[in-house]
There are 2 protein chains.
Amino acid sequence: MARKTREEAAETREALLDAAEQVFRAKGVAHATLADVAHAAGLTRGAVYWHFRDKAALFEAMCDRATLPMETMFDARRPAADVEDPLGVLRDNGVRVLLHLASDARMQAVFDVVFHKCEFTDDLAAVSERHQQEDDTCQQQVIALLERAVVVGDLPADTDTALAADAMKAFMLGIMHEWVREPDAARLAATAPAMMAMFIAGLKAAPPRRAPLVAAAKPRAARVAGGTHAGAD
Amino acid sequence: MARKTREEAAETREALLDAAEQVFRAKGVAHATLADVAHAAGLTRGAVYWHFRDKAALFEAMCDRATLPMETMFDARRPAADVEDPLGVLRDNGVRVLLHLASDARMQAVFDVVFHKCEFTDDLAAVSERHQQEDDTCQQQVIALLERAVVVGDLPADTDTALAADAMKAFMLGIMHEWVREPDAARLAATAPAMMAMFIAGLKAAPPRRAPLVAAAKPRAARVAGGTHAGAD
DNA sequence: CAAAATACATACATTCGTGCATGTTTGCAA
DNA sequence: TTGCAAACATGCACGAATGTATGTATTTTG
C-alpha cells in the first residue's frame, strides 16, 4: 500500500527471510514460488522483488543470515598455535557446534533446507561456492589444530592431518544431516559429547597415516614424477 | 514412430533411466524437464509418459535401479549371530560399501542426485519413506553386529548400540555425501580402510554408554525444571 | 512545504512445463 | 492374414510462475 519507514522496511525484509525459511522447508526451494513466500509473510510478490533480485538472491540472503553467526563462532577462535590440548579443543568445538544447532531453530531450518530441500545447480552456484569457501577455512582451522596435536605429541608425526580433518567434517556433517530430519534437541545435546569423544578417541587410537599402503615402507626408489601424486595405482 | 520388440522397449526404458541420471545430476530433479530427459535419450516425452507415470515415478525407478544392488549387498550377509569378530565385519562392510561407491558410476550419479540435486518434499514422500525403511533395516544389521560385539566382549555391556549405529551411519553418510561432490575413485579407495579403522578404533576406545549424563552419576540434586533440558551449559 | 525517492501492491504479458488426446507404425497372436 | 495392442511421436490446451511495468501512498529530504 504505502511506504514504510526504514526500520519497518528492515522488519519486512526479515519477515520475508523468515517466511522463506518456512516455505522453502515445507515445499522445497525450487518448488516454492515467490508468491508463497510473500503470502506467508502477509505480503505480495512486489515486496519480494523490491528487497531481492530473484529467488536465488533470497535464498542466498537466507543462508547468510544463518551461517554468518557460525562463521564468527569458528573464526573467533584463537590462532590455535599454542593450545596445550588441541584435540580437546577440537572435541569441544565440535560439541559446541552441535549444541548450537540443537538450540537455534533458525539454523535448524536453514540446514534442513540446504541438506534436504534444495538443489545445488548452476543458478545457486554462487551460494555453493561460498559454502565451499567457508568449509575450506573451517577445515584449515581443524588441520591447524591437528598439526598442533602432532607437535604436542598427541598424534604421530606421519598423521595424515588433511584426511583426519576430512573425516571429522564428514562425521559432523553426517550427524547434522541426519538430525535435522527429526530434530530432538534434548537427544542431540545429550549425545553430542559422547559422539565427539568417540571420534577423538578413534583419532588417537588409529590415526590415519600418510603414504597409506601402496608405495610401501621402502620400495626401490622414490622416482615418482608428479610430486602430488595420489599413490594408489 | 513405430512399435519396438519387447527387448528394445526394455532397452529404451533403461536409456531413459540413464538419461534421467545425467539430466537430473546436471540440472536438478525439480528444474529438469521431462523433455530434457527424453531428448537426452534421443526420444520424446511420449516415451517417458509411456514407461513412467510422471517425473516422480521416473525418479523412483532411477533410485531403485541403483540402490537395490546395495540392499542385496547388505541383506545377503549372514544373520550375524555367530561371527567371531563382529567389529571387524562391521569395518569390512563399511569399506566394501565405500569401494562399491568408488567403482560404480551409476551409484555415484544417483547418490549425487539424492544428496545434492533433489528436494525431498511431499511428491517424493514415497521415495523418502522407502529410503527410510532401507536405512532402518541396515541399521538393524549394524545394531545386531554391535550387540554381538558386546556378547563377544569387544564392547562393554552398557554400550549404547543404537547410538553407535547412528554414529556409524552418520560417518559413512558424511563421507559419501562429501565425496560425490568431487569424485576421486583412487583416493576414496585408498582412504576407506583407514577411515573405517579409525571409526572402529574410536568405538572400542570410547564406546557410547547408555544413561548418558543426565540423571547423572551422583550430583547434588537433579532438580532441573524442563526435564528435557540440554544439560551442558 | 513541495519534490523526489521509497516501499510496497496490482496488473499484465510472456514463457514454460505438464497432462492428455490423438496419430502412426509395427510386433505378435489367433 | 487379419486384428489388436504395444511403443512410441506429435499436437494442443491449460495452468502456473516469472519478470516487469505501473499505480499509490507515505516518508524523507532540501
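Only a predicted model underlies this, so the values are computations on that prediction, with no experimental measurement involved.

Broken down by element type, chain A carries nine helices and one strand. Relative to its 233 residues, chain A shows a buried fraction of 36%. In chain A, the share of contacts with a sequence separation of at least 24, taken over all contacts with a separation of at least 6, comes to 69%.

Moving on, we get to helix α1 (residues 6-27) of chain B. Residue and element names in this part refer to chain B. Its 22 residues give α1 an end-to-end C-alpha distance of 31 Å, which sits within 8% of 32 Å, the value for a rise of 1.5 Å per residue. Inspection of α1 places Leu 16, Leu 17, Ala 19, Ala 20, Glu 21, Val 23, Phe 24 and Arg 25 among the buried residues, and these make up the whole buried set. In the segment just after α1, Gly 28 is the residue with positive phi, at about 85 degrees.

In this section: the domain arrangement of chain A. All names here are of chain A. Looking at the assigned domains, one finds that chain A contains domain 1 (7-52) and domain 2 (63-205). Domain 1 and domain 2 are separated by 30 Å when their C-alpha centres are compared. Domain 1 puts seven residues into the contact, and the matching count from domain 2 is nine residues.

This next bit is on the relation of the copies chain A and chain B. When chain A is fitted onto chain B, the two copies agree to an RMSD of 0.1 Å after a turn of 180 degrees and an axial shift of 0.0 Å. What the rotation and shift describe, once combined, is the action of a two-fold rotation axis. Taking the C-alpha atom as reference, chain A places Gly 202 of chain A closest to the rotation axis, 1.6 Å from it. A share of 89% of interface residues in chain A that are also interface residues in chain B marks the association as one of identical surfaces.

On to the interface of chain A and chain B, then. The partner chain B presents 44 residues to the 45 residues of chain A that form the contact. Within the residue set of the side of chain A that touches chain B, elements represented by two or more residues are α5 (86-103), β1 (117-119), α8 (161-179) and α9 (185-205) of chain A. Ranked by residues supplied to the side of chain A that touches chain B, first place goes to α9 of chain A with 15 residues. Per-class residue counts for the side of chain A that touches chain B are 30 nonpolar, 10 polar and five charged. Of the strand pairs in this sheet, β1 of chain A and strand β1 (residues 117-119) of chain B are connected by three bridges, and their pairing is antiparallel. Paired with Lys 117 of chain A across the two strands is Glu 119 of chain B, which belongs to β1 of chain B.

It is worth spelling out the nonpolar core at this point. Nonpolar side chains tend toward joint burial in soluble globular proteins. Within the largest apolar cluster, 124 residues are counted, with the highest numbers of intra-cluster contacts made by Ala 20, Val 37 and Phe 171 of chain A together with Ala 20, Val 37 and Phe 171 of chain B. Discounting residues that sit within four places of it in the chain, Phe 171 of chain A has contacts with Phe 199 of chain A together with Ala 170, Phe 171 and Gly 174 of chain B.

The next thing to look at is helix α7 (residues 125-152) of chain B. For α7 of chain B, which comprises 28 residues, the first-to-last C-alpha distance of 40 Å matches the rise-based estimate of 40 Å (1.5 Å per residue) to within 8%. Gly 153 of chain B lies just past α7 of chain B and shows a positive phi near 105 degrees.

Before going further, it helps to examine the environment of Cys 63 of chain A. As for its placement among the helices and strands, Cys 63 of chain A is situated in helix α4 (residues 55-75). For Cys 63 of chain A and Val 110 of chain A, which are 47 residues apart along the polypeptide, the C-alpha to C-alpha distance reads 6.5 Å.

Residues and elements named next belong to chain A. Averaged over every residue, the pLDDT of chain A is 88; the share at 70 or more is 85%. Ranking the elements of chain A by mean pLDDT puts α4 last, at 83, and helix α2 (residues 34-40) first, at 98. Low confidence marks residues 215-233, where pLDDT is under 50. Its contacts with residues over four positions away, or in another chain, come to 14 contacts.

Let us look at the packing of helix α7 (residues 125-152) of chain A against α8 of chain A. All names here are of chain A. At a closest axis distance of 9 Å, the pairing of α7 and α8 adopts a crossing angle of 125 degrees. In terms of axis orientation, α7 runs oblique to α8. In the packing of α7 onto α8, the handedness of the crossing is right-handed. Residues Gln 139, Val 142, Ile 143, Leu 146 and Glu 147 of α7 pack against Thr 161, Ala 162, Ala 164, Ala 165, Met 168 and Lys 169 of α8. Split by residue class, the contact of α7 with α8 holds seven nonpolar, two polar and two charged.

Let us now look at the packing of α5 of chain A against α7 of chain A. Residues and elements named next belong to chain A. Where α5 meets α7, the closest approach of the two axes is 8 Å, and the angle between their N-to-C directions is 150 degrees. Taken together, the axis directions place α5 and α7 in an arrangement best described as roughly antiparallel. Residue-level inspection shows Pro 86, Leu 87, Val 89 and Leu 90 of α5 in contact with α7, the latter providing Val 142, Leu 145, Arg 148, Ala 149 and Val 152. Counted by class, the contact of α5 with α7 contains eight nonpolar, no polar and one charged residues.

On to the environment of Ala 144 of chain A, then. Counting through the fold element by element, Ala 144 of chain A comes out in helix α7. When the C-alpha positions of Ala 144 of chain A and Ala 211 of chain A are compared, they lie 20 Å apart, and in sequence the two are 67 residues distant.

Attention now moves to the environment of Asp 82 of chain B. Residues and elements named next belong to chain B. In this fold, Asp 82 is placed in the loop between α4 (55-75) and α5 (86-103). Under the C-beta neighbour-count criterion, Asp 82 is labelled exposed, with 9 such atoms within 10 Å. On a C-alpha basis, the gap between Asp 82 and Phe 111 in space is 33 Å, while along the polypeptide they are 29 residues apart.

What counts and how
- Residue positions within a chain follow its written sequence, with the count starting from 1.
- Written order decides the labels, with chains lettered from A and ligands numbered from 1.
- It should be noted that, the model being predicted, local features are given only for residues of pLDDT at least 70 and side-chain atom pairs only at 80 or more, the latter also being counted only at that level, while totals for whole chains, interfaces and linings use all residues.
- Here a helix means four or more residues in a row that DSSP labels H or I, a strand means two or more in a row labelled E, and each is numbered from the N terminus.
- Exposure classification rests on a simple neighbour count of other C-beta atoms within 10 Å of a residue's own: a residue reaching 20 or more is buried, one at 12 or fewer is exposed, and one in between is partly exposed. C-beta atoms are placed from the backbone.
- We call two residues in contact when the distance between their C-beta atoms, placed using the backbone, is within 7 Å.
- Take the residue count of a helix, subtract one, and multiply by 1.5 Å to get its expected span.
- These domain limits were set by an automatic method or by a database of domain assignments.
- Least squares is the method for superposing the copies, and the C-alpha atoms it fits come from residues with pLDDT of at least 70 in both.
- All residues other than Ala, Val, Leu, Ile, Met, Phe, Trp, Tyr, Cys, Pro, Asp, Glu, Lys and Arg, Gly among them, are scored as polar; the first ten of these are nonpolar and the last four charged.
- In this description, strands pair whenever DSSP reports at least two bridges between them.
- By convention in this section, buried Ala, Val, Leu, Ile, Met, Phe, Trp, Tyr and Cys residues joined through C-beta atoms within 7 Å make up a nonpolar core.
- pLDDT is a residue-level measure of predictor confidence that goes from 0 to 100.
- Axis lines are fitted through C-alpha atoms, for helices just across the contact stretch, and the angle between N-to-C directions can take any value from 0 to 180 degrees.
- Roughly parallel means an angle under 35 degrees; roughly antiparallel, over 145; roughly perpendicular, 65 to 115; everything else is oblique.
- Note on convention: near helix rotated counterclockwise from far helix by under a right angle means a left-handed crossing. Clockwise means right-handed.

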